[in-house]
Amino acid sequence: MGGLKKPTPPSNASSAAPTPRAASAAVRFHSFDLLATLVAVVHGNGAVLFANAALEDALGISRRAIVGSHFPDNFTEPSHLQNALQGAGGNEFAALRYDAWLKRLNHDPLPVHVIVTQTEKADEIIVELLPLEQQARQDREERLSEQAQANKELIRNLAHEIKNPLGGIRGAAQLLEMEMESRELIEYTQVIIHEADRLQTLVDRLLAPHRRPHLVGDVNIHEVCERVRSLILAEFPKGLKVVRDYDTSIPEFRGDREQLIQTVLNIAHNACQALVEQIAEGDACLTFYTRIARQTTFGKQRYRLALELHVIDNGPGVPDSIKDRIFYPLVSGREGGSGLGLTLAQTFVQQHHGLIECDSVPGRTDFKILIPLP
């Protein structure tokens, strides 16, 4: 792969003025610029009529240079696309799919899944390219989203089913206690009442994110991080170093400040719980890192700007046994943990149309939060 030649921009494309048909295509296909996938509209002979912004970014060539060029030349094996275009022009199929390598300026070729589709207009063919790495990530995000939705429905239904009989159990224990004279027997009813209250608290925590209204206002992410930092240092005043690496150019955005504080606090608090040994030795480190992500894709949408917030610790890492399940409810990596902190964090981030991911190896655990910016 490293020996493949890099593509060069067509020599005549950059200087050629857009044809009337190309100008018309730019208007008709403008909505393709909103897609995260790479899209080109080409003639049957392979000449590019329109290229969207994602394709422009991937090739590293300006749109003006792409339009009018011979699109199959952007692939390591041009003949495959040429044959596909001929088949589409001859109405041999409605859509054709295959895998290929897309050449890029100053980069190694990119593996893509190619979809060639006819349009309603003669001699216009849509070529859609799905980067295989991006496709795998989208599939993973979709699975996480579906799992989160299933978890939410399960939690709500289970919590309501538990809550009703739980009230009856507690009430019966209180009535029974009023009829008892033996102190030893009263201790048993107290155990029942205490455990019923503990379960009631757990149920309330399960239902909390679905009960509380989403209060939207202007949010400064660094104010959120500073609030969490002060809370964490108040609980762990010695042995923990908190590093702040902020991009102060990040603008305010509309969101629920309290939800985001709770999200970052849950992640940071989990990190500190995992850093107990390092804190005792005085070499624990927690890092808040913010940057602006440009032209990024998550949740099947492409965003011009997004907040990228990392909460990083130098702890032992997430156990392999729960790595794939850390956002599931009631899954915890430590003794006595409720397993709700990351579930709530995921719920709050998704309510901001964002994404939360975790990359963990021994010595470094990185929780990354992405939220669209205006």
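The structure we're discussing is the one just above.
This one's a predicted model, so the numbers in the text were calculated from it and none came from an experiment.

### Some details on the packing of helix H7 (residues 221-235) against helix H8 (residues 257-274)
Line of reasoning, step 1. It is the contact of H7 with H8, at a shortest axis distance of 9 Å, that shows an interaxial angle of 40°. Taken together, H7 and H8 sit at an angle that is classed as oblique. Judged by the sense of rotation from one axis to the other, the crossing of H7 with H8 is right-handed. Residues Glu223, Val224, Arg227, Val228, Leu231, Ile232 and Glu235 of H7 pack against Arg257, Leu260, Ile261, Val264, Leu265, Ala268, His269 and Cys272 of H8.
Line of reasoning, step 2. Of the residues assigned to the contact of H7 with H8, the class counts are 10 nonpolar, one polar and four charged.

### Thoughts on the nonpolar core
Line of reasoning, step 1. In terms of nonpolar packing, the biggest core is built from 41 residues, with Ile232, Leu240 and Leu286 touching the most fellow members.
Line of reasoning, step 2. Listed by contribution, the elements that provide at least two residues to this core are H7, strand E7 (240-245), H8, strand E9 (284-298), strand E10 (301-313), helix H10 (341-351) and strand E12 (364-372).
Line of reasoning, step 3. Ranked by residue count, the leading element in this core is H8, at eight residues.
Line of reasoning, step 4. Apart from the residues lying within four places of it in its own chain, the contact partners of Leu240 are Ile232, Leu233, Cys272, Leu275, Ile279, Ala284, Cys285 and Leu286.
Line of reasoning, step 5. Phe71, Leu110, Val116 and Ile125 belong to the second-largest nonpolar core, a separate cluster that totals 29 residues.

### Details of the packing of aromatic side chains
Line of reasoning, step 1. Scanning the entire structure with this criterion turns up four aromatic pairs.
Line of reasoning, step 2. Seen in terms of ring centroids, Phe32 and Phe50 are 6.3 Å apart; in terms of plane orientation they differ by 50°. Their pairing is tilted. Pair noted here: Phe32 is in the loop between helix H1 (20-28) and strand E1 (38-42) and Phe50 is in strand E2 (residues 48-51), with a separation of 18 residues, a long-range link. Just as Phe32 is buried, Phe50 falls in that class too.
Line of reasoning, step 3. Seen in terms of ring centroids, Phe71 and Phe75 are 5.5 Å apart; in terms of plane orientation they differ by 90°. Their pairing is edge-to-face. As far as the burial class goes, Phe71 and Phe75 line up, both buried.
Line of reasoning, step 4. Members of the aromatic cluster, connected to one another through ring pairs, are Phe29, Phe32 and Phe50.

Conventions used here
Residues numbered from 1 in each chain as written. Predicted model: local features only at pLDDT ≥ 70, side-chain atom pairs only at ≥ 80, totals over all residues. Heavy atoms only, no water. Axes fitted to C-alpha atoms, helices over the stretch in contact; angles between N-to-C directions. Helix = DSSP H or I, 4+ residues; strand = E, 2+ residues; numbered from the N terminus. Parallel < 35°, antiparallel > 145°, perpendicular 65-115°, else oblique. Left-handed = near helix turned anticlockwise from the far one by under 90°. Contact = heavy atoms within 4.5 Å. Nonpolar A, V, L, I, M, F, W, Y, C, P; charged D, E, K, R; others polar. Core = buried A, V, L, I, M, F, W, Y, C linked by side-chain atoms within 4.5 Å. Buried < 20%, exposed > 50% of the residue type's maximum accessible area, 1.4 Å probe, protein only. Phe/Tyr/Trp six-rings, centres within 6.5 Å; stacked < 30°, edge-to-face > 60°.

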